[in-house]
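Architecture and fold: a report
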Number of protein chains: 2
Amino acid sequence: MTPPALEFWFEFASTYSYPAAMRIETLAARAGVTVAWRPFLLGPIFQAQGWSDSPFNLYPAKGRYMWRDLERLCAKHGLPYARPAIFPQRSILAARLALAAIGEPWLPALVRGIYVANFAEGGDISTPDTLGRVLGGLGQAPQPWLERAQSPAVKDALRAGTERAQALGVFGAPTFVVRGELFWGGDRLEDALAWQLRGD
Amino acid sequence: MTPPALEFWFEFASTYSYPAAMRIETLAARAGVTVAWRPFLLGPIFQAQGWSDSPFNLYPAKGRYMWRDLERLCAKHGLPYARPAIFPQRSILAARLALAAIGEPWLPALVRGIYVANFAEGGDISTPDTLGRVLGGLGQAPQPWLERAQSPAVKDALRAGTERAQALGVFGAPTFVVRGELFWGGDRLEDALAWQLRGD
């Protein structure tokens, strides 16, 4: 029997989703686990909790810690890093683009490319320019994909996905979901994979 | 040259401080690292952030996740666990008692005993009864230690310690501090130990 996929709920504006997105394909493949890529938006979920901004901006001590911690994590995992000037970035177009590309073999590379643009290259991921450049780097024609990203079907799918995240109990990103179990935070990726393999 | 101790900032009401407190003595000893035990109170720090209660009570999705996560963590590390009826518990007397016992060889066992009372035995750690029972289990006469815990010097030391935590940038527990670097969360204990051993 094929085990269910590990759901990877990620938000392109989320700092800790960056190392997780960079690591997950390799770690999951090594463990023999399939990844279901689930782009979503944290904004509506934060708003439901009464937050109008990222908690890292609302709570300065938490924010200062997070930036330093992210820098250390990137160094630990050998990932490029440069603190972005804009935080959080508007991630809706990027999320729609990833959703439009679900099932494409280059989706994981697209996701990583968008994160690197945000957290290592100082790119503005809210623009078709930046996203088009990432698509181009993967040998994909930007225009048709950016149009697909803005189609009503994809817009609806992102809205539905974000509602499903909320219904699952997701309150932050990244979150891994394995047979009804939530694992919040990139540092739980190994635990989520281990849970997936328990098979009970 | 002796490397500086790893500072372990913990709060007896804090759920994630429990597994950290249970694991730190063994892990630090194995790494050859000295632990400086730093009991403090999160209440004043949360209040400064505008929270009148634990964020796990203020944000229900976060709270539901935390209890399940804590249960899984305890299972993973082989620690006893039973969800306490009261959360968060009033931890001021316990923190004062730990501060009074700084330097005693049985301090780590006292800390673990108080956490087990809170998170595995359904004990009310705000009472001299519960704390006295933990002291007794360590072969210590409860009365003199509970009196020392309530001395003005210890009360002042707890206030000063909590202020120092805030000045260091501590915003949650457990937090490990190594040469000016903060590591927040029990899942960062191994990283904090590794940082301590880098020696740069």
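A short tour of the structure in this document, coming up. (Residues numbered from 1 in each chain as written. Chains lettered and ligands numbered in written order. Predicted model: local features only at pLDDT ≥ 70, side-chain atom pairs only at ≥ 80, totals over all residues.)

A few words now on the sheet that holds strand 4 (residues 181-184) of chain A. Two orientations exist for strands paired in a sheet by backbone hydrogen bonds: parallel and antiparallel. Residues and elements named next belong to chain A. A sheet is described by the order of its strands in space; here 4 strands give the open sequence 2-1-3-4, paired in mixed fashion. Sheet topology places strand 2 (35-39) and strand 4 at the edges, where each strand pairs with a single neighbour. The sheet shows a mean angle of 20 degrees between the axes of neighbouring strands, taken without regard to direction. When strand 1 (residues 6-10) meets strand 2, the two strands line up parallel, connected through 5 bridges. Residue E7 lies in a different strand from strand 2, and its bridge partner there is A36. (Pairing = 2+ DSSP bridges. Helix = DSSP H or I, 4+ residues; strand = E, 2+ residues; numbered from the N terminus. Axes fitted to C-alpha atoms, helices over the stretch in contact; angles between N-to-C directions.)

A word on helix 5 (residues 92-100) of chain A. Of all 9 residues making up helix 5 of chain A, 7 are buried, and the element is well covered by its neighbours. Buried-residue contacts for helix 5 of chain A involve strand 2, helix 6 (107-119), helix 7 (128-137), helix 8 (142-149) and helix 9 (152-168) of chain A. (Buried ≥ 20, exposed ≤ 12 C-beta atoms within 10 Å, placed from the backbone. Contact = placed C-beta atoms within 7 Å.)

Residues and elements named next belong to chain B. Among the 5 residues in strand 1 (residues 6-10), 5 count as buried, and that is most of the element. Of the two faces of strand 1, the one holding L6, F8 and F10 and the one holding E7 and W9 are both buried throughout. In this view, the connection linking strand 1 to its parallel neighbour strand 2 (residues 35-39) by way of helix 1 (residues 17-31) has right-handed handedness. Here strand 1 runs beside strand 3 (residues 175-178); their pairing, made up of 3 bridges, is antiparallel. What sits directly across from W9, in strand 3, is T175. (Right-handed = clockwise from strand over helix to strand, strands pointing away.)

Turning to the relation of the copies chain A and chain B, a few remarks are in order. Two copies of one chain are present, and they are related through a rotation about an axis combined with an axial shift. The transformation that overlays chain A on chain B combines an axial shift of 0.0 Å with a rotation of 180 degrees, and the residual RMSD is 0.0 Å. Expressed as a symmetry operation, the mapping of one chain copy onto the other fits a two-fold axis. Closest to the rotation axis within chain A is the C-alpha of D187(A), separated from it by 3.7 Å. Counting the interface residues of chain A, we find that 100% of their copies in chain B are interface residues as well, pointing to one common contact surface. (Least-squares fit on C-alpha atoms with pLDDT ≥ 70 in both.)

So, on to the interface of chain A and chain B. Each partner contributes to the interface: chain A provides 11 residues, whereas chain B provides 11 residues. Within the residue set of the side of chain A that touches chain B, elements represented by two or more residues are helix 4 (60-77) and strand 4 of chain A. Top contributing element to the side of chain A that touches chain B by residue count: helix 4 of chain A, with 4 residues. Class assignment of the residues belonging to the side of chain A that touches chain B gives a composition of 6 nonpolar, 2 polar and 3 charged. (Nonpolar A, V, L, I, M, F, W, Y, C, P; charged D, E, K, R; others polar.)

None of this, on its own, says anything about what the molecule does.
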